[in-house]
Amino acid sequence: MEGRILAFILLCLVPHVGAITVEIPKPKPYESARGGNVTLPCTFIPSKPNPATVTISWSVRGLEPESEEDQFLTYYYPDASIDTTSTYGGRVAVDVDVPKGKANLMISALTLNENKIFKCAVQIRGDVNGKTSDTTRLVVLVAPSTPICNIQGTAEYGQNINLTCKSEEGSPSPTYKWESRDVQNMPRVPDPKTTDKDGILSLYNISKDTSGYFICTSANKIRSATCNITLSVMPPSMNVASTAGIIAGVVIALIILFIVIYCCCCRKKKNEEEYAMGVHEEFHDKEPEKTSGGQRSNGAAGDRSDQHEVKSERDHDNRRGYDDPHSDYDDRRSDYDDRRRDHDGRRRDHDDQRRDYDDRRSDYDDRRSDYSDRRSDYDDRRSDYNDRRDRYDDRRDRYDDDRRHDRDEDRPPVPANKPPRRD
Ligand SMILES: *[C@@H]1O[C@H](CO)[C@@H](O)[C@H](O)[C@H]1NC(C)=O
Ligand SMILES: *[C@@H]1O[C@H](CO)[C@@H](O)[C@H](O)[C@H]1NC(C)=O
Ligand SMILES: *[C@@H]1O[C@H](CO)[C@@H](O)[C@H](O)[C@H]1NC(C)=O
Ligand SMILES: *[C@@H]1O[C@H](CO)[C@@H](O)[C@H](O)[C@H]1NC(C)=O
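Per chain, residue numbering runs from 1 following the sequence as it is written. Chains and ligands are labelled sequentially in the order written, the chains with letters from A and the ligands with numbers from 1. Only residues with pLDDT of at least 70 get local features here, since the model is predicted, and only at 80 or more are side-chain atom pairs given and counted; chain-wide, interface and lining totals rely on the full set of residues. No hydrogens and no water enter the side-chain calculation; it runs on all heavy atoms of the structure.

With respect to the confidence of the model for the protein chain
Consideration 1: One number per residue, pLDDT, summarises how confident the predictor is, and it ranges from 0 to 100. Looking at the protein chain, the pLDDT average stands at 76 and 58% of residues meet or exceed 70.
Consideration 2: Counted against residues more than four places away or in other chains, residues 7-15, with its pLDDT under 50, gives zero contacts. Residue contacts are defined here by distance: any two heavy atoms, one from each residue, within 4.5 Å place the two residues in contact.

Now the structure itself:
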């Protein structure tokens, strides 16, 4: 009975005797820091000990399933010759001992280019059954670089924002973790809706209470590094852009207001200057036939500027009258006739003022007789004229003074040598 069981076990084992076994022992994956050295062990057990010829090869392929295999090193036994491609230059070597079944690969000055899958294969003539190769993963370790923290979105009340955290390098890929502190720098529990995934901290419906410090830690098995963000959540109207906009708007409004006020003042001042100049020119240049005080004082227009003109014209007339009364009165008479025609014309234009004009016409008639009387009076006075001339000059000065005075007081003038207004 025992003999039969033993025979069964032997029968089961027999098929394995003629097969080769190649194995890369644990641990898998192998890890080594960038810049360091690593040895990838590989052992093989041929079906028959002490094979005459052995070919050991190492190849590599990327992590992606479809990536091609690159056999970069081949070792021939027993002549111990090595063929290497330029893939890793002089940085690779093998440590082979065929009788002991050792075919180790050594890589120095590791770079991220060796962060791949390595395969050890052993070929022995006549020994093709079994496991002729094995693979392992080599992880080249790189400490995470200092991460960069950023804010995506607008830090205003009610907004959803992301805080992002990313290290440029790090192998294996770093993991990220956000922690939050309030404005007093005390740790706090984030809002339950907050998510922290792959370095993106998503904050929803943020408010003033969301403000504070957010620290991101990027870490792998080598090391960790942090960055932080100071988040201050603003009311929607108080962000920088709209604040700047409001300030700019106020400034522009003030500038416009200033321009408007300045223009108004300028125009007012200019008008005053023009008015003053007009009076001045009138005094010096206007001929007496243009108007007379009596007529104008009866005019429908009663505004002050007209009254000013009237006064200065009257003064003008008066002065000329004293200088040369005769020719002046002749001029005035023709002037009145002209004026009457003028008034007739204006009557057509101002029917509603007709009665007014009629009154004035009678007024003018009265005055004409008045002027006739005064003309003879002047004839009489002509002999006195030379004597009185000096006095007239004195009075001229007084009139000038009076005129200035009247203008200062801005009231309608009543010249001394004219009958008082009857209207
Ligand atoms: C790596 O191997 C090279 C030789 O290949 C040696 O000079 C160097 O000291 C080794 N460095 C480490 C960290 O073992
Ligand atoms: C925040 O991240 C999520 C997921 O990546 C994305 O869907 C969302 O649009 C991001 N929000 C902002 C404001 O960038
Ligand atoms: C956002 O938060 C405010 C209180 O902070 C709440 O009144 C409002 O309903 C929230 N909105 C949403 C969409 O959750
Ligand atoms: C935030 O980062 C700055 C450098 O960027 C550092 O000086 C400061 O200590 C950090 N604060 C915290 C709370 O980590």
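On we go from here.
Describing the sheet that holds strand β18 (residues 212-219)
Consideration 1: What the three strands build is an open sheet, ordered β15-β18-β19; its pairing is antiparallel. Edge positions in the sheet fall to β15 (175-181) and β19 (224-231), since each has one partner strand and no second. Taken pair by pair, the neighbouring strands of this sheet meet at an average axis angle of 20 degrees, ignoring direction.
Consideration 2: Bridge count between β15 and β18: seven bridges; the pairing is antiparallel. Its bridge partner lying in β18, T175 is registered against A219. Two strands pair if DSSP finds at least two bridges between them. Where helices and strands are cited, they refer to DSSP runs of H or I of at least four residues and of E of at least two residues respectively, numbered from the N terminus. For helices, the fitted axis covers only the stretch in contact; all axes are lines through C-alpha atoms, and the angles between them, taken along N-to-C directions, range from 0 to 180 degrees.

Some details on the state of the cysteines
Consideration 1: Note on disulfides: each one is a pair of cysteine sulfur atoms within 2.5 Å. Using the criterion set out here, one finds three disulfides in the structure.
Consideration 2: Covalently, C42 is tied to C120 through a disulfide, its sulfur atoms 1.9 Å apart. Measuring the twist about the S-S bond at about -80 degrees, one finds the C42-C120 disulfide to be left-handed. Linking C42 in the loop between β3 (38-40) and β4 (43-45) with C120 in strand β10 (residues 117-124), this pair joins segments that are 78 residues apart in sequence. Here C42 matches C120 in class, with each residue buried.
Consideration 3: Sulfur-sulfur distance for the disulfide between C165 and C216 comes to 1.9 Å. Sign of the S-S torsion, about -80 degrees for the bond between C165 and C216, identifies this disulfide as left-handed. One end of the pair, C165, is in strand β14 (residues 161-166); the other, C216, is in strand β18, with 51 residues separating them in the sequence.
Consideration 4: The rule is simple: take the accessible area with a 1.4 Å probe, protein chains only, and divide by the maximum for that residue type; under 20% is buried, over 50% is exposed, in between is partly exposed. For C165, a relative accessible area of 2% translates into the label buried.
Consideration 5: Given a relative accessible area of 0%, C216 falls into the buried group.
Consideration 6: In the protein chain, the cysteines engaged in disulfides, taken in order along the sequence, are linked 1-2, 3-6, 4-5.

Section: the packing of aromatic side chains
Consideration 1: Note on ring pairs: Phe, Tyr and Trp rings are taken, using the six-membered ring of Trp, and paired if centres are within 6.5 Å. Classes follow the plane angle, with under 30 degrees stacked, over 60 edge-to-face and the rest tilted. Under the counting rule described, the total for this entry stands at four aromatic pairs.
Consideration 2: Between F72 and F118 the ring centres are 6.0 Å apart and the planes differ by 90 degrees, which places this aromatic pair in the edge-to-face class. One end of the pair, F72, is in strand β6 (residues 70-77); the other, F118, is in strand β10, with 46 residues separating them in the sequence.
Consideration 3: Overall, the relative accessible area of 2% leaves F72 in the buried class.
Consideration 4: Using a relative accessible area of 0% as the deciding quantity, one classes F118 as buried.
Consideration 5: Each ring, one from F258 and one from Y262, has its centre 6.2 Å from the other, and the planes form 20 degrees; the classification is stacked. You can see F258 and its partner Y262 sitting in helix α2 (residues 240-285), four residues apart, about one turn around the helix. Just as F258 is exposed, Y262 falls in that class too.

Digging into the pattern of salt bridges
Consideration 1: The term salt bridge refers to a side-chain nitrogen of Lys or Arg lying within 4 Å of a carboxyl oxygen of Asp or Glu. What the rule picks out here adds up to nine salt bridges.
Consideration 2: For the salt bridge of D95 with K102, the shortest nitrogen-to-oxygen distance reads 3.1 Å.
Consideration 3: Judged by its relative accessible area of 30%, K102 is partly exposed.
Consideration 4: As a salt-bridge pair, D198 and K197 come within 3.2 Å of each other at their nearest N and O atoms.
Consideration 5: Each member of the salt-bridge network shares a partner with another, and the members are K28, K131 and D134.

Things to note about the nonpolar core
Consideration 1: By size, the foremost hydrophobic cluster in this structure holds 29 residues, and its most contacted members are W58, F72, L105, F118 and L138.
Consideration 2: Contributing elements (two or more residues each) for this core: β1 (20-23), β3, β5 (54-61), β6, β8 (92-97), β9 (102-107), β10 and β12 (133-141).
Consideration 3: We call a set of buried Ala, Val, Leu, Ile, Met, Phe, Trp, Tyr and Cys residues a nonpolar core when their side-chain atoms join them within 4.5 Å. With 16 residues, the next largest nonpolar core counts C149, L163, L201 and C227 among its residues.

What to know about the sheet that holds β5
Consideration 1: The six strands are arranged β2-β12-β10-β5-β6-β7 in an open sheet whose pairing can be described as mixed. Of all strands in the sheet, those with a lone pairing partner are β2 (30-33) and β7 (81-84), marking the two edges. Adjacent strand axes in the sheet meet at a mean angle of 20 degrees when their direction is disregarded.
Consideration 2: Of the strand pairs in this sheet, β5 and β6 are connected by seven bridges, and their pairing is antiparallel. The partner of W58 across the bridge, within β6, is L73.

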